[in-house]
Amino acid sequence: MASLSQKDLLSIEQLSVDDIRLVLDTAEALKEISSRAVKKVPALRGKTVINLFFEPSTRTRSSFELAEKRLSADILNFSASASSVTKGETLLDTARNLEAMSPDIIVIRHSSAGAPHLLGRECRSSVVNAGDGMHEHPTQALLDALTVRSLKGRLEGLKIAIIGDISHSRVARSDTLLFHKMGAEVWVCGPPTLVPADFHLLGARVTSLMEEAIEGADVVMMLRLQNERQKEAFIPSAREYFTLYGLSRERMRGARKNAIVMHPGPMNRGVEIESEVADADYSVILDQVANGVATRMAVLYLLSGKSGLKPARKPR
Ligand code: NCD
């Protein structure tokens, strides 16, 4: 089996179709470890991983930490608020100091687009982008793809609608790039003030009509309004937003039979998604969380130089 063609995982843009398949197949094979009584394998024994989080995170951070533990890595959690960063140290100096402690992999989340790329260039360790500003969130896109592929059996030819605050979402960018690369038909939808004019260049069809995005969709992915990144008022009110762009049971009727609903979290019930939809049996939001651990295990496993794994049976 092949191994990953690069030192770092910085973006979906840099991954080939074969790289994406390699990560998904390896993640599929590693899934089973999380259902064992003893959820641990020695694959990363003796390797050190530093988790460097400069932005708040619940799912991504705990998911990386569990993935590292299940592979037996030694972990150092570095939280920006408790570090010298608050004393004026630059990102590069922080990184050089950490690098002097010889980690094998650095996982970084940062509010500036390109921060992981800078680290990747300067450090010998492998760097994983866990979200950089409004740019990319590659492991989220990979876990979303794993979720869709394991439920639908394929990515090619599916209609995938991504709805919400597209402008401020690194998830929308990484997901669009990945699903388009893998041959899906990606639609993005949101208020015109929250969809970049050039988003079609990433391979998406763009609409401001939710009905058009959902019509015949196999996957409906909802995104949160990223209020913390919005410097102006992009929408009149949360209530009006729900009326135009909220996912309700009625609206889901326009999707294909057996369509699934996804959300990367954190979810704002009643703003972009009706509670009943979030909890419906066609909602796979918690499957995404479970697949997040397997996906991050696969990324760490492959970046540590190991060859990819094949799932025991064909993914369904
Ligand atoms: C997303 C993020 O941080 O980019 N969450 C996540 O990683 N699961 C999306 C968000 O914050 O809305």
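None of these values were measured; they are calculated from a predicted model. (Residues numbered from 1 in each chain as written. Predicted model: local features only at pLDDT ≥ 70, side-chain atom pairs only at ≥ 80, totals over all residues. Heavy atoms only, no water.)

A. Here's a closer look at the site of the ligand. In the region of the ligand, the neighbouring residues are R59, T60, R109, H137, Q140, R170, V171, R224, Q226, P264, G265 and P266. Between Q140 and the ligand, the recorded distance is 3.3 Å, taken from a side-chain N or O atom to a nitrogen atom. Contributions of two or more residues to the shell around the ligand are made by α2 (59–70) and α6 (170–181). Classifying every residue of the shell around the ligand by side-chain character gives 3 nonpolar, 5 polar and 4 charged. (Near = heavy atom within 4 Å. Polar contact = N/O pair within 3.5 Å; in protein donor to acceptor, adjacent residues only side chain to side chain. Helix = DSSP H or I, 4+ residues; strand = E, 2+ residues; numbered from the N terminus. Nonpolar A, V, L, I, M, F, W, Y, C, P; charged D, E, K, R; others polar.)

B. Examining the side chain of E28 more closely. Note on placement: E28 falls in helix α1 (residues 17–30). There is a polar contact of 3.4 Å between the side chain of E28 and the side chain of K31.

C. Quick peek at the pattern of salt bridges. Using the criterion set out here, one finds 16 salt bridges in the structure. Linking E228 and R224 is a salt bridge whose minimum nitrogen-to-oxygen distance equals 2.9 Å. Judged by relative accessible area, R224 falls into the buried class, the value being 17%. The network of salt bridges with common partners includes D25, R149 and K310. (Salt bridge = Lys/Arg side-chain N within 4 Å of Asp/Glu carboxyl O. Buried < 20%, exposed > 50% of the residue type's maximum accessible area, 1.4 Å probe, protein only.)

D. Structural context of the packing of aromatic side chains. Applying the stated criterion to the full structure yields 2 aromatic pairs. Here F54 and F78 contribute two aromatic rings whose centre-to-centre distance is 6.4 Å and whose plane-to-plane angle is 55°, an arrangement assigned as tilted. With F54 in the loop between β1 (48–53) and α2 and F78 in strand β2 (residues 74–79), the pair connects residues that are 24 residues apart, well separated along the chain. Looking at F54, the relative accessible area reads 19%, which means it is buried. Arranged with centres 5.8 Å apart and planes meeting at 40°, the rings of Y241 and Y245 form a pair that is tilted. Residue Y241 and its partner Y245 are both found in helix α8 (residues 238–245); the two are separated by 4 residues, about one turn of the helix. An identical accessibility class is assigned to Y241 and Y245; each is buried. Looking at K159, its charged tip hangs above the ring of W187, at a distance of 4.5 Å from the centre. (Phe/Tyr/Trp six-rings, centres within 6.5 Å; stacked < 30°, edge-to-face > 60°. Lys NZ or Arg CZ within 6 Å of the ring centre and 35° of its normal.)

E. View of the sheet that holds strand β3 (residues 105–110). Read from one edge of the open sheet, 4 strands run β2-β1-β3-β4, paired in parallel fashion. Each of the sheet's edge strands pairs with one partner strand only, and the pair in question is β2 and β4 (126–132). Geometrically, the sheet is characterised by an average inter-axis angle of 15° between neighbouring strands, direction not taken into account. The strands touched by α2 are β1, β2, β3 and β4; relative to β2, the strand with the most contacts, the crossing angle is about 160°. (Pairing = 2+ DSSP bridges. Axes fitted to C-alpha atoms, helices over the stretch in contact; angles between N-to-C directions. Contact = heavy atoms within 4.5 Å.)

F. View of the nonpolar core. Judged by nonpolar contacts, the single largest core of 61 residues is most densely connected at V107, L142, I162, L178 and F179. If you tally residues by element for this core, the top one is helix α11 (residues 285–303), at 9 residues. Setting aside its immediate chain neighbours within four residues, L178 contacts I12, I20, A141, L142 and A145. (Core = buried A, V, L, I, M, F, W, Y, C linked by side-chain atoms within 4.5 Å.)

G. Representation of the packing of α1 against α11 within the structure. The contact between α1 and α11 brings their axes to 8 Å, and the two run at 115°. You can see that α1 and α11 cross each other, and the crossing is right-handed. Contacts from L22, V23, T26, A27 and L30 of α1 reach α11 at A294, T295, M297, A298, V299, Y301 and L302. Partitioning the contact of α1 with α11 into residue classes produces 10 nonpolar, 2 polar and no charged. (Left-handed = near helix turned anticlockwise from the far one by under 90°.)

H. Inspection of the pairing of β4 at higher detail. Judged by how many residues are buried, β4 sits mostly within the fold: 7 of 7 residues are covered. Where β3 meets β4, 5 bridges bridge the pair, whose relative direction is parallel. Counterpart to H110 in the pairing with β4 is D132. Crossover connection from β3 via helix α4 (residues 115–122) to parallel β4: handedness right-handed. (Right-handed = clockwise from strand over helix to strand, strands pointing away.)

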